[in-house]
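Below are the chains, spelled out letter by letter.
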Amino acid sequence: MENIKIAYCLPSLYISGGMERVLTIKANYFADILGYEIYIILTDGMDKQPYYPLSPKIHVINLNVNFNELWNKSFLQKALLYFSKQRAYKKKLKNCLFKIKPDITVSMLRREINFINSIQDGSIKVGEIHVNRNNFRDFKEDKKLKSIKNIVSRFWMQQLLRELHKLNKFITLSYEDKEKWIELNNVEVINNPLPFFPDKISDCSNKEVIAVGRYVYQKGFDLLIDAWEIISKKHPDWILKIYGDGDAKEYIDQINQLNIHKSCFLEHAVSNIIDKYTESSIFVLSSRYEGFGMVITEAMACGIPAVSFACPCGPKDIIKDSIDGLLVENGNIQELADKICYLIEHEDIRKEMGKQARIDVERFKIENIALQWKELFESLLQSK
């Protein structure tokens with residue numbers, strides 16, 4: 001089935017987020033390889049270029065609603081402005097969809113999910129979520145607002161479920177997360193695609209451990225640093241490098257307090273991350289939660305085994321425990337240290353797991369993931 005026309009809705013493409021990266025990988029493949037007519041409809045970043053290279057075949061439409069204007073406003077101003085902008089977004093998106101007439105409209109589960117099903121433009125409506133259910137719209141802890149937060153959260157989830165139920169299909173990134181949406185009968189799983197599958201791989205011989213992610217609470221680098229204090233006492237000749245962006249001050253302070261600054265290093269995010277993976281022998285994911293954990297698949301593609309918390313959601317879908325990596329009880333610092341030490345101390349097992357990781361991760365190549373999307377799109381159109 002050729003010339004399928006698909007419209008994606010999301011806020012912007014100019015930030016270096018995981019959702020933006022994954023959509024770019026998929027959209028480029030759909031447009032360049034499968035010959036789909038792809039539209040990406042944005043609300044923000046009118047004058048900003050996409051962070052990730054986008055195929056010239058893709059049509060980008062910016063509705064210029066500018067939800068970013070909500071930032072730094074008072075609560076009342078934010079509420080009034082939000083509803084005004086939401087009305088404008090609904091009107092502009094409706095006009096846009098009626099104009100381009102897509103076969104399928106995909107919501108990335110941002111603001112349009114509240115009204116996408118009410119737009120009767122004739123397109124099939126699909127939603128895809130890029131975080132797990134428990135951490136979707138994760139409210140920041142604030143004891144003063146805890147009761148209000150819980151009320152708002154319950155109301156919002158009930159509203160969300162009503163809209164998700166109306167979708168033709170709702171896509172989660174992992175089977176683990178799919179099981180959490182017990183109220184829905186339209187859920188399917190399609191994993192995130194690999195961003196690369198390099199020819200260059202690690203031989204898992206360097207005495208170096210790597211972690212990758214933003215310097216935020218979610219990524220659990222405080223837990224990893226605590227684990228590294230244990231590891232560094234047993235293996236002072238090994239080093240840990242963490243690559244990421246954001247405010248790393250509290251982690252720098254933690255490293256200094258633990259006196260592990262000679263073996264634990266915080267690095268800036270780099271464009272040549274493949275080189276960094278291949279210089280390493282073990283990858284660690286210490287996240288408290290994930291949407292999928294694409295950095296695990298990146299490391300595996302570079303031939304290194306992962307030691308990962310079995311956090312919700314993703315790692316348990318990716319890692320075959322004790323075959324191509326090791327899973328750790330979520331948040332268990334001692335077990336994390338023990339399993340990293342195990343791979344440090346068993347070079348033959350480490351190298352064999354790295355080889356197996358490279359083989360097993362091929363299932364996430366874009367051509368395999370795109371085939372699942374192709375089959376989904378075609379089945380939806382055939383049953384229309």
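Every residue gets a number counted from 1 within its own chain, in the order that chain's sequence is written. pLDDT decides what is reported in this predicted model: residues at 70 or higher carry local features, side-chain atom pairs at 80 or more are listed and counted, and totals for whole chains, interfaces and linings draw on all residues regardless. No hydrogens and no water enter the side-chain calculation; it runs on all heavy atoms of the structure.

Visitor: Even after reading the chapter, I still don't get the overall build of the chain, so can you show me in this structure?
Guide: Segments assigned H or I by DSSP are reported as helices when at least four residues long, segments assigned E as strands when at least two residues long, and all are numbered from the N terminus. What the chain contains, in helices and strands, is twelve helices and 13 strands. For the chain, whose C-alpha radius of gyration is 22 Å, the value lies close to the compact-globule estimate of 21 Å for 384 residues. Overall, the C-alpha framework of the chain stretches about 65 × 50 × 40 Å when taken along its three principal axes. Note on contacts: a residue pair is in contact if any heavy atoms of the two residues lie within 4.5 Å. When contacts within the chain are restricted to residue pairs at least 6 apart in sequence, long-range pairs at least 24 apart make up 67% of them. Per-residue and other accessible areas were derived by the Shrake-Rupley procedure at a 1.4 Å probe size, with only the shown protein chains allowed to occlude residues. Looking at the chain as shown, the accessible area adds up to about 18300 Å², and 51% of this sits on carbon and sulfur atoms. The charge count includes Lys and Arg as positive and Asp and Glu as negative, but it does not include His or the ends of the chains. Where a charge lies is defined by one atom per residue type: Lys uses NZ, Arg uses CZ, Asp uses CG and Glu uses CD. If the 53 positive side-chain charges of the chain are averaged to one point and the 51 negative ones to another, these points end up 8 Å apart. Two things to know: the radius of gyration comes from C-alpha atoms, and the globule rule equals 2.2 Å times the number of residues to the power 0.38.

Visitor: Just checking my understanding: could you explain the packing of helix α5 (residues 221–234) against helix α10 (residues 333–345) for this structure?
Guide: For any two helices packed against each other, the geometry is given by the interaxial angle and the distance between the axes. Helix axes use the C-alpha atoms of the stretch in contact, all axes being lines fitted to C-alpha atoms, and the angles between their N-to-C directions lie in the range 0 to 180 degrees. Interaxial distance between α5 and α10 falls to 9 Å at its minimum, and their mutual angle equals 45°. Judged by the angle between their axes, α5 and α10 are oblique. Crossing of α5 over α10 shows right-handed handedness. Contacts between α5 and α10 involve Leu223, Leu224, Asp226, Ala227, Trp228, Ile230, Ile231 and Lys234 from the first element and Ile333, Gln334, Leu336, Ala337, Ile340, Cys341, Ile344 and Glu345 from the second. Gly falls in the polar group here, along with every residue not listed as nonpolar (Ala, Val, Leu, Ile, Met, Phe, Trp, Tyr, Cys, Pro) or charged (Asp, Glu, Lys, Arg). Classifying every residue of the contact of α5 with α10 gives twelve nonpolar, one polar and three charged. The cut-offs work like this: below 35 degrees is roughly parallel, past 145 is roughly antiparallel, 65 to 115 is roughly perpendicular, and the gaps in between are oblique. Take the far helix as the reference: if the near one is turned anticlockwise from it by less than a right angle, the crossing is left-handed, and if turned clockwise, right-handed.

Visitor: I tried to follow unusual backbone geometry on my own but got confused; where do I start?
Guide: Working note: non-glycine residues mostly have negative phi, and peptide bonds are mostly trans. Here the amide bond leading from Pro312 into Cys313 is cis, since omega sits at -10°, within 30 degrees of zero. Topologically, Cys313 is positioned in the loop between β12 (306–309) and α9 (315–318). At Ser322, a residue that is not glycine, the phi angle is positive and equals roughly 70°. Its location among the elements puts Ser322 in the loop between α9 and β13 (325–328).

Visitor: Help me understand the pattern of salt bridges, please; the structure alone is not making it clear to me.
Guide: Any two side chains of opposite charge can pair if their charged atoms end up close together. Salt bridge, as used here, is a side-chain nitrogen of Lys or Arg placed within 4 Å of a carboxyl oxygen of Asp or Glu. Enumeration over the complete set of coordinates arrives at 21 salt bridges. Of the charged contacts, one joins Arg21 and Glu298 as a salt bridge, the two residues approaching to 2.5 Å between their closest N and O atoms. Pair noted here: Arg21 is in helix α1 (residues 18–32) and Glu298 is in helix α8 (residues 294–301), with a separation of 277 residues, a long-range link. Ionic contacts of the salt-bridge type, sharing partners, join the residues Glu347, Arg350 and Lys351 into one network.

Visitor: In this structure, what is going on with the packing of aromatic side chains? I would like to understand it.
Guide: Both the distance between ring centres and the angle between the ring planes are used here to describe each pair of aromatic rings. Only the six-membered ring of Trp is used, alongside the rings of Phe and Tyr, when aromatic pairs are assigned; centres must lie within 6.5 Å, and planes under 30 degrees apart are stacked while those over 60 apart are edge-to-face, with the rest tilted. Counted by the stated rule, this structure contains 16 aromatic pairs. When the ring of Phe136 is compared with that of Trp156, the centres are 5.3 Å apart and the planes differ by 55°; the resulting orientation is tilted. Here the residue Phe136 occupies a position in the loop between β5 (124–128) and α3 (146–166), and Trp156 occupies one in helix α3, the gap between them amounting to 20 residues. Of the two residues, Phe136 and Trp156, neither departs from the other in class, the shared state being buried. Ring pairs connect the aromatic residues Phe67, Tyr82, Phe83, Tyr89 and Phe115, which therefore count as one cluster. Placement of a charge over a ring requires the Lys NZ or Arg CZ to be within 6 Å of the ring centre, with the centre-to-atom vector within 35 degrees of the ring normal. Above the plane of the ring of Tyr217 lies Arg288, whose end atom (NZ or CZ) is 3.9 Å from the centre. Positioned above the aromatic ring of Phe197, the side-chain terminus of Arg358 is 3.8 Å from the ring centre. Between buried and exposed lies partly exposed: a residue is buried under 20% and exposed over 50% of the maximum accessible area for its type, with that area taken using a 1.4 Å probe on protein chains only.

Visitor: Would you mind going over the packing of α5 against helix α6 (residues 249–258) with me for this structure?
Guide: Put simply, α5 and α6 touch, their axes get as near as 10 Å, and they point 15° apart. As summarised for this structure, α5 and α6 are arranged roughly parallel, according to the angle between their axes. In the crossing of α5 with α6, the sense of the turn from one axis to the other is right-handed. Contacts between α5 and α6 involve Phe221, Asp222, Ile225, Asp226 and Glu229 from the first element and Tyr251, Gln254, Ile255 and Leu258 from the second.

Visitor: Is there a simple way to think about the sheet that holds strand β3 (residues 59–62) in this case?
Guide: Hydrogen bonds between backbone groups are what pair the strands of a sheet, and the pairing can be parallel or antiparallel. Strand pairing follows a simple DSSP-based rule, namely that at least 2 bridges must link the two strands. The strand order across the open sheet built from seven strands is β3-β2-β1-β4-β5-β6-β7, with neighbouring strands paired in parallel fashion. Strands with a single pairing partner mark the edges of an open sheet, and in this sheet they are β3 and β7 (187–189). Going from strand to strand, the sheet's axes swing by 25° on average, the running direction of each strand aside. The pairing of strand β1 (residues 5–9) with strand β4 (residues 104–107) spans four bridges and is parallel. Of the residues in β4, the one forming a bridge with Cys9 is Ser107.

Visitor: Even after reading the chapter, I still don't get the confidence of the model for the chain, so can you show me in this structure?
Guide: Low pLDDT means the predicted atomic positions in that stretch should not be read closely. The pLDDT averaged across the chain works out to 94; a share of 96% of its residues lies at or above 70. How sure the predictor is of each residue is captured by pLDDT, a score from 0 to 100. Counted against residues more than four places away or in other chains, residues 140–145, with its pLDDT under 50, gives two contacts.

Visitor: I'm lost on the side chain of Gln218 in this one. Help?
Guide: One can find Gln218 in the loop between β8 (208–212) and α5. A distance of 3.0 Å separates a polar atom in the side chain of Gln218 from the backbone oxygen of Tyr289. A 3.5 Å cut-off defines polar contacts: any pair of N or O atoms within that distance qualifies, except that in protein one atom must be a possible hydrogen donor and the other a possible acceptor, and neighbouring residues in sequence count only when both atoms are side-chain atoms.

Visitor: Honestly, the nonpolar core in this entry has me stumped. Any pointers?
Guide: Side chains that are nonpolar tend, in soluble globular proteins, to be buried together. Among the buried residues, those of types Ala, Val, Leu, Ile, Met, Phe, Trp, Tyr and Cys that are joined through side-chain atoms within 4.5 Å form a nonpolar core. Tyr8, Ile38, Ile40, Tyr277, Phe283 and Ile340 are the most contacted members of the largest nonpolar core, which totals 92 residues. In contact with Ile340, not counting residues within four places along its chain, are Val209, Leu224, Trp228, Ile231, Ile282, Val284 and Val307. Listed in part, the 30 residues of the second largest apolar core include Ile41, Leu93, Met157 and Leu161.

Visitor: What exactly am I supposed to notice about the pairing of β1 here?
Guide: Moving residue by residue along a regular strand, the side chains alternate between the two faces of the sheet. Counting buried positions over the five residues of β1 gives five, a clear majority of the element. Where burial is concerned, the two faces of β1 agree: the one with Lys5, Ala7 and Cys9 and the one with Ile6 and Tyr8 are both buried. Sheet topology places β1 next to strand β2 (residues 37–42); five bridges connect them, and they run parallel. Its bridge partner being in β2, Lys5 is matched across the sheet by Glu37. In the classification by handedness, the crossover that spans β1, the intervening α1 and the parallel β2 is right-handed. Every crossover in which the path from the first strand over the helix to the second runs clockwise, viewed with the strands pointing away from the viewer, is termed right-handed.

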